[in-house]
Amino acid sequence: MADTATTDTTTDTTTDTTADSTDVTGTPGPRGLVVLDMAGTTVADGGLVERAFERAAERLGVEPGTPDHTEKLRYVLATMGESKISVFRHLFGTEELARRANSAFEEAYAELVDRGLVTPVPGARAAIEELRAGGRTVALTTGFARVTQDAILDALGWQDLADLTLCPADAGGRGRPYPDMVLTAFLRTGAVADVTDVVVVGDTAYDMLSGRRAGAGTVAGVLTGAHDRATLTRNGATHVLDSVAELPRLLAESA
């Protein structure tokens, strides 16, 4: 621990070195890096994940309405937020089948995006702009492949909205619930000196687990996506918000 006071026998030369908004290294202080999920948190996709999965599964011979289809779809919904290739590895057992399913999924999702079926969560863009205007660094993360993430960003006109965008491949291939994307944002941006100054926000249990495993000081769940308040809290949420639009106020009040 740093020595913050030096006193001789004649003069009190106490010096306060406690950081305010900036620490002694010149790095922005508390909650200076905000890592936001996309689908369900900042982007409303209206159930496109399920629709794209159904197309992908059908290409691999999984017929809609069968018990196999129902079981696989249940798993997809339970693991929302996870890297999609990891989900397909679990569902189809071999790397070849997983990659075929993932490619079909990405193609189907991109087609749906091209049809204009993704929209911003109300207030999301304004919230991100407010966070950045206040000096915070914002990273957008996803469990989709880069090509799908870019398609969503292009469709929304969000190419320059955030400071950084990350998919699992950018973090060594592991998506949520691993902490890798959060830690990659921490390392790449250098926006904060301590992982406890990172804010992670998402709509799924895996978002919460990822944030907690990374050591983020604030892990906020939002109720605009896959999972409910109880699920988010059970998996580590420090706060639960109705929407990401409430995030700037939460951080301002916590400052």
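For the structure, see preceding data.
Peer 1: What should I look at first to understand the packing of helix 2 (residues 67–78) against helix 3 (residues 84–92) in this one?
Peer 2: The angle between the axes and the distance between the axes are what describe a pair of packed helices. Viewed as axis vectors pointing N to C, helix 2 and helix 3 meet at an angle of 150°, and their least axial separation amounts to 11 Å. One element, helix 2, and the other, helix 3, form an angle in the roughly antiparallel class. As helix 2 packs across helix 3, the resulting crossing turns out to be right-handed. Between helix 2 and helix 3, the residues in contact are Lys72, Tyr75 and Val76 and Val87, His90, Leu91 and Phe92, respectively. When its residues are assigned to classes, the contact of helix 2 with helix 3 shows five nonpolar, one polar and one charged.

Peer 1: Mind showing me how you'd approach the nonpolar core here?
Peer 2: Across soluble globular proteins, nonpolar side chains show a tendency to be buried alongside one another. Of all hydrophobic cores here, the largest spans 53 residues; its most connected members are Leu36, Phe105, Tyr109 and Leu247. A total of eight residues in this core trace back to one element, the largest contributor, which is helix 4 (residues 95–114). With residues near it in sequence (within four places) discarded, Phe105 still touches Val49, Ala52, Phe53, Ala56, Lys84, Phe88 and Phe144. Residues Leu166, Ala191, Ala214 and Val219 belong to the second largest nonpolar core, which totals 21 residues.

Peer 1: I would appreciate a short explanation of empty space enclosed by the protein in the present structure.
Peer 2: One simple way to see leftover space: roll a probe sized like a water molecule over the atoms. A full pass over the atoms with the stated rule returns one cavity of 30 Å³ or more. Lining the largest cavity are Val35, Asp37, Thr141, Arg176, Met181, Val182, Val200, Val201, Asp207 and Ser210. Those elements that provide at least two residues to the lining of the largest cavity are strand 1 (33–37), helix 7 (180–189), strand 6 (198–202) and helix 8 (205–214). In the lining of the largest cavity, the residues fall into five nonpolar, two polar and three charged.

Peer 1: What am I meant to see in the packing of aromatic side chains here?
Peer 2: Pairs of aromatic rings are described using the distance from one ring centre to the other and the angle between the two planes. Applying the stated criterion across every chain yields a total of six aromatic pairs. Directly above the ring of Phe92 sits Lys72, whose terminal nitrogen or CZ lies 5.5 Å from the centroid. The side chain of Arg174 reaches across the aromatic face of Tyr178, ending 3.9 Å from its centre.

Peer 1: I would appreciate a short explanation of unusual backbone geometry in the present structure.
Peer 2: Glycine aside, a negative phi is what most residues show, and trans is what most peptide bonds show. Across the junction of Arg176 and Pro177, the peptide omega takes the value 10°, indicating a cis bond. Inspection of the secondary structure puts Pro177 in the loop between strand 5 (164–166) and helix 7.

Peer 1: Which parts of the structure should I look at to understand the sheet that holds strand 4 (residues 137–141)?
Peer 2: One key point about sheets: their strands pair by backbone hydrogen bonds, in either a parallel or an antiparallel sense. Strand order in the open sheet formed by six strands is 5-4-1-6-7-8, with parallel pairing between adjacent strands. Two strands lie at the open edges of the sheet, namely strand 5 and strand 8 (239–241), each paired on one side alone. Each neighbouring strand pair of the sheet contributes to a mean axis angle of 20°, computed without reference to strand direction. In the sheet, strand 4 pairs with strand 5 via three bridges, with the strands oriented parallel. Across the sheet, residue Leu140 finds its bridge partner in strand 5, namely Thr165. Packing of helix 8 onto the sheet brings it into contact with strand 1, strand 6 and strand 7 (218–222), and relative to strand 7 it is tilted by some 175°.

Cut-offs and rules
Residues numbered from 1 in each chain as written. Predicted model: local features only at pLDDT ≥ 70, side-chain atom pairs only at ≥ 80, totals over all residues. Heavy atoms only, no water. Axes fitted to C-alpha atoms, helices over the stretch in contact; angles between N-to-C directions. Helix = DSSP H or I, 4+ residues; strand = E, 2+ residues; numbered from the N terminus. Parallel < 35°, antiparallel > 145°, perpendicular 65-115°, else oblique. Left-handed = near helix turned anticlockwise from the far one by under 90°. Contact = heavy atoms within 4.5 Å. Nonpolar A, V, L, I, M, F, W, Y, C, P; charged D, E, K, R; others polar. Core = buried A, V, L, I, M, F, W, Y, C linked by side-chain atoms within 4.5 Å. Buried < 20%, exposed > 50% of the residue type's maximum accessible area, 1.4 Å probe, protein only. 1 Å grid on protein atoms, 1.4 Å probe; cavity = no way out; pocket = protein on both sides within 12 Å on 5 of 7 lines; lining within 4 Å. Points joined across faces, edges and corners; volume = space filled by probe spheres on them. Phe/Tyr/Trp six-rings, centres within 6.5 Å; stacked < 30°, edge-to-face > 60°. Lys NZ or Arg CZ within 6 Å of the ring centre and 35° of its normal. Pairing = 2+ DSSP bridges.

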